[in-house]
Number of protein chains: 2
Amino acid sequence: MSNTLGVRQAQKQKTRQALLEAGLGLLEEQSLSSLGLREVTRVVGVAPAAFYRHFRDIADLGVALVEESLGSLHVMIRAVLSEQADAEEVIDRSVEVVAAHVRLHPAHVRFVARERHGGVRAVREAIAAELARFGDEVAEALATQEVSDGWSAEDVRMLAGLYVDHLVMTASAFLEAAPEEERRIADTARRQLRLISLGRGHWRDA
Amino acid sequence: MSNTLGVRQAQKQKTRQALLEAGLGLLEEQSLSSLGLREVTRVVGVAPAAFYRHFRDIADLGVALVEESLGSLHVMIRAVLSEQADAEEVIDRSVEVVAAHVRLHPAHVRFVARERHGGVRAVREAIAAELARFGDEVAEALATQEVSDGWSAEDVRMLAGLYVDHLVMTASAFLEAAPEEERRIADTARRQLRLISLGRGHWRDA
DNA sequence: GAGTTCAGTTAACAACTGTTTGCCGGATGA
DNA sequence: TCATCCGGCAAACAGTTGTTAACTGAACTC
């Protein structure tokens, strides 16, 4: 790790980060396709023209936000899935981790859920690509478990997809929920995962 | 059905419908929160001020679009679920119906998927409410099936939620897919439903 | 220490936005 | 037939938008 950047590059990355954070903040009450360049620079306290030193577009800023938002996800669930444990424990742990992640990075989660099907193609595609990579990783982890013996690669991948979609839906549900609803949502998510896990266990009988 | 409206009301509903369709069309490449009132009236070929004769807001137009988009859904799946048949047949039929619905009303499907987590609160809530109603109906249908004997109402409802989320995800996947990918998507959707159905069948053992 | 690089500034551009006001003219109902 | 209703219009409002150009001055290179 050589973080010995010159003073100039350090400052540049600082304002770049400020632009990203300002954008993310503004996106809590609107969609990316309505986010204004001037709006963002105004929050940061920088001239509109300065924006172009960092991003070509608002869409470009959006793509950068995708990487920032989904980068941490990989480490997150990887850790959960790798600990070889009882299925029930893995489920409980997964839902806890998702809930914690939402509590820690609500804006990032909202951004992904919102722009996954949002109005900006480049961002949609970036999210799709990142979630596909994530799905591949989950599939890889699932494949090593003994429950997956005799499963085709395709079937493992479709199960991973089911998990990924469920994760995003659950995260988004946590996000919009009032604090007192969190337990109910966690409970539903756990039961749904349990049902899927049950189906997984009986897949070979077909 | 008394569709004997006066000439005036008929004309009004006609332009109202034109506004809705213009909005829906424009929303194929942007989000509701960036949709402009003038943009919509320009497409219809009507003065900007005329918009206020029909809607208070763009958000208001969005809410109207929600009803239009999700109204037909109820009849759709109801028909599928009510025909008491083999589980496998119901799955095949469901995926077919979803694919057909997407092919027939792509803009409506895109609108729902996009604005479900979109930047306009009122629309988000309208979609959530409508999908909740839909989930309740599905739960009701599921409850009458013999597979659900011994299930708590909550468990039936969580299964219905799983189905509804899966339906929306599948519809959205069809939407963004190239024609040659449709078969693969349909195949994955069917296998996922089969796995869920399998888990459903073994739920009592817990 | 002189010369270059470059993140950020200032200022101006035309184009666009939502909303209001007063008006028109055809449908409506007595 | 006449007065009322009311969907749509034209025009103007103050603000906002993205993008460009030429600039300043501190950090960099040699």
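Every value quoted in this text rests on a predicted model; they were computed, and no experiment measured them. (Residues numbered from 1 in each chain as written. Chains lettered and ligands numbered in written order. Predicted model: local features only at pLDDT ≥ 70, side-chain atom pairs only at ≥ 80, totals over all residues. Heavy atoms only, no water.)

### Re the relation of the copies chain B and chain A
Next, step 1: Turning chain B through 180 degrees and shifting it by 0.0 Å along the axis lays it on chain A, with an RMSD of 0.0 Å. Read as a symmetry element, the transformation amounts to a two-fold axis. Using C-alpha coordinates, one finds that chain B approaches the rotation axis most closely at B:Gly199, a distance of 1.7 Å.
Next, step 2: Counting the interface residues of chain B, we find that 100% of their copies in chain A are interface residues as well, pointing to one common contact surface. (Least-squares fit on C-alpha atoms with pLDDT ≥ 70 in both. Contact = heavy atoms within 4.5 Å.)

### Here we look at the protein's contact with DNA strand C
Next, step 1: The full set close to DNA strand C counts 19 residues, and A:Arg8, A:Arg53, A:His54, B:Arg8 and B:Arg38 are the nearest of them.
Next, step 2: Among all atoms of DNA strand C positioned within 4 Å of the protein, those belonging to sugar or phosphate total 52%.
Next, step 3: Within the side chain of A:Arg8, a nitrogen or oxygen atom sits 2.3 Å from a base oxygen of DNA strand C.
Next, step 4: Here B:Tyr52 contributes a side-chain N or O atom positioned 2.6 Å from a phosphate oxygen of DNA strand C.
Next, step 5: Within the residue set of the surface near DNA strand C, elements represented by two or more residues are α1 (7-26) of chain A together with α1 (7-26) and α2 (37-44) of chain B.
Next, step 6: A class-by-class count of the residues in the surface near DNA strand C yields eight nonpolar, four polar and seven charged. (Near = heavy atom within 4 Å. Polar contact = N/O pair within 3.5 Å; in protein donor to acceptor, adjacent residues only side chain to side chain. Helix = DSSP H or I, 4+ residues; strand = E, 2+ residues; numbered from the N terminus. Nonpolar A, V, L, I, M, F, W, Y, C, P; charged D, E, K, R; others polar.)

### Here we look at the protein's contact with DNA strand D
Next, step 1: Among the 19 residues in the neighbourhood of DNA strand D, the closest are listed as A:Val7, A:Arg38, B:Arg8, B:Ala47 and B:Arg53.
Next, step 2: A share of 52% of the atoms of DNA strand D within 4 Å of the protein falls on sugar and phosphate groups.
Next, step 3: Separating a base oxygen of DNA strand D from a side-chain N or O atom of B:Arg53 is a distance of 2.5 Å.
Next, step 4: Counting only elements with at least two residues in the surface near DNA strand D, the list comes to α1 and α2 (37-44) of chain A together with α1 of chain B.

### So, the pattern of salt bridges
Next, step 1: As enumerated under the stated definition, the model contains 22 salt bridges over all chains in all.
Next, step 2: Of the charged contacts in the structure, one is a salt bridge between A:Arg157 and A:Asp136, with a shortest N-O distance of 2.7 Å. In this pair, A:Arg157 sits in helix α7 (residues 153-176) while A:Asp136 sits in helix α6 (residues 121-144), placing the two residues 21 residues apart along the sequence.
Next, step 3: Salt bridges here are not isolated pairs; linked through shared partners, they connect A:Asp155, B:Asp187, B:Arg190 and B:Arg191. (Salt bridge = Lys/Arg side-chain N within 4 Å of Asp/Glu carboxyl O.)

### With respect to the interface of chain B and chain A
Interfaces are frequently sized by the accessible area removed from exposure as the parts join.
Next, step 1: Contact residues are listed per partner, giving 35 residues for chain B and 35 residues for chain A.
Next, step 2: Carbon and sulfur atoms supply 61% of the area buried between chain B and chain A, which totals about 3100 Å² over both sides.
Next, step 3: On the chain B side of the contact with chain A, B:His117, B:Arg191 and B:Leu195 bury the most area, a combined 22% of that side's loss.
Next, step 4: The salt bridge involving B:Arg124 is made with A:Glu176; its shortest N-O contact spans 3.5 Å.
Next, step 5: At the boundary of chain B with chain A, the tally comes to 20 residue pairs in polar contact (both at pLDDT 80 or more). (Buried area = accessible area lost by both parts, 1.4 Å probe.)

### What to know about helix α4 (residues 87-104) of chain A
All names here are of chain A.
Next, step 1: In a regular helix each residue adds 1.5 Å, so 18 residues correspond to 26 Å; α4 covers 26 Å between its end C-alpha atoms and thus fits that length.
Next, step 2: Inspection of α4 places Val-90, Ile-91, Ser-94, Val-95, Val-97, Val-98, Ala-99, His-101 and Val-102 among the buried residues, and these make up the whole buried set.
Next, step 3: In this fold, the buried residues of α4 make contact with α3 (58-82), α5 (106-115), α7 and α8 (182-201). (Expected span 1.5 Å × (residues − 1). Buried < 20%, exposed > 50% of the residue type's maximum accessible area, 1.4 Å probe, protein only.)

### As for the environment of B:Asp92
Next, step 1: By the element assignment, B:Asp92 lies in helix α4 (residues 87-104).
Next, step 2: For the pair B:Asp92 and B:Asp60, spaced 32 residues apart in sequence, the C-alpha separation works out to 37 Å.

The analysis is restricted to geometry; functional conclusions fall outside its scope.
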